[in-house]
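Inside the fold
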Amino acid sequence: QVVLVESGGGLVQAGGSLRLSCASSGRTFSSYGMGWFRQAPGKDREFVASISWSGGTTYYADSVKGRFTISRDNAKDTGYLQMNSLKAEDTAVYYCAAVSAAKRSPGPAAAIYDYWGQGTQVTVSS
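About the cut-offs
- Residues numbered from 1 in each chain as written.
- Predicted model: local features only at pLDDT ≥ 70, side-chain atom pairs only at ≥ 80, totals over all residues.
- Heavy atoms only, no water.
- Helix = DSSP H or I, 4+ residues; strand = E, 2+ residues; numbered from the N terminus.
- Rg over C-alpha atoms; globule rule 2.2 N^0.38 Å.
- Contact = heavy atoms within 4.5 Å.
- Areas by Shrake-Rupley, 256 points an atom, 1.4 Å probe, with all protein chains shown as cover.
- Buried < 20%, exposed > 50% of the residue type's maximum accessible area, 1.4 Å probe, protein only.
- Pairing = 2+ DSSP bridges.
- Phe/Tyr/Trp six-rings, centres within 6.5 Å; stacked < 30°, edge-to-face > 60°.
- Lys NZ or Arg CZ within 6 Å of the ring centre and 35° of its normal.
- Disulfide = S-S within 2.5 Å.

Considerations on the overall build of the chain
Along the backbone of the chain there are 0 helices and 11 strands. Along the chain, helices and strands appear, N-terminal first, in the series β-β-β-β-β-β-β-β-β-β-β. Taking 2.2 N^0.38 as the reference for a compact globule, 126 residues should give roughly 14 Å; the C-alpha atoms of the chain span a radius of gyration of 13 Å, in line with that estimate. Judged by the C-alpha coordinates and their principal axes, the chain covers about 40 × 25 × 25 Å. For the chain, contacts bridging at least 24 residues in sequence account for 59% of all contacts bridging at least 6. Carbon together with sulfur atoms contributes 47% to the accessible area of the chain, which is approximately 6,200 Å² in total.

So, the pairing of strand β5 (residues 46-51)
Counting buried residues in β5 gives 5 out of 6 residues, a clear majority hidden from the surface. Pairing geometry for strand β4 (residues 32-39) and β5, over 5 bridges, is antiparallel. By the bridge assignment for β5, G35 is matched with S50. In the sheet, β5 pairs with strand β6 (residues 58-60) via 3 bridges, with the strands oriented antiparallel. If you follow S50 over to β6, its bridge partner there is Y59. The turn joining β5 and β6, which pair antiparallel and follow one another in sequence, is formed by 6 residues; a positive phi near 85° is taken by G55.

What to know about the packing of aromatic side chains
All chains considered together, the criterion is met by 6 aromatic pairs. Ring plane angle 55° and centroid distance 5.0 Å describe the contact between F37 and W116, whose orientation is recorded as tilted. Of this pair, F37 sits in strand β4 while W116 is found in strand β10 (residues 115-116), placing the two residues 79 residues apart along the sequence. Residue classification places F37 among the buried positions, given a relative accessible area of 1%. Here the aromatic cluster, defined as three or more aromatic residues joined through ring pairs, consists of F37, F47, Y59, Y113 and W116. Seen from the ring of Y95, R45 lies directly overhead, with NZ or CZ sitting 3.9 Å from the centre. In this structure, R45 is placed above the aromatic ring of W116, and the distance from its NZ or CZ to the ring centre is 4.7 Å.

Some words on the state of the cysteines
Within the structure shown, the criterion is met by 1 disulfide. Linked covalently through their sulfurs, C22 and C96 form a disulfide whose S-S length is 2.0 Å. In this structure the cystine formed by C22 and C96 twists about its S-S bond by roughly 65°; its chirality is therefore right-handed. Of this pair, C22 sits in strand β3 (residues 18-26) while C96 is found in strand β9 (residues 92-100), placing the two residues 74 residues apart along the sequence. Overall, the relative accessible area of 0% leaves C96 in the buried class.

Here it is in structure tokens:
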């Protein structure tokens, strides 16, 4: 069992930055690939970024490429999403998710993930 807890969300003006954290407890964090997803009101949950268990492979949605950076610190059992140049359309609840590295590599398909956090709200004012 892995428990994921997101933090760092809030209200920010367009063009600003936020850093989300995803703290993990339970099984060894480094055994899991990680992803970030978001869901805006009235919309489906969408993929944002993913990172392999080692941090060596990352993948981004086109909508955030060049603005967001995913990273992780396995020594701290924590993953991160640095969000720069935020836009109003980035407003959503952001979720982190974990998938066993022994199972498969992380990616944009939400169905592959084994564990999810409760989400943190990000609101970007224009």
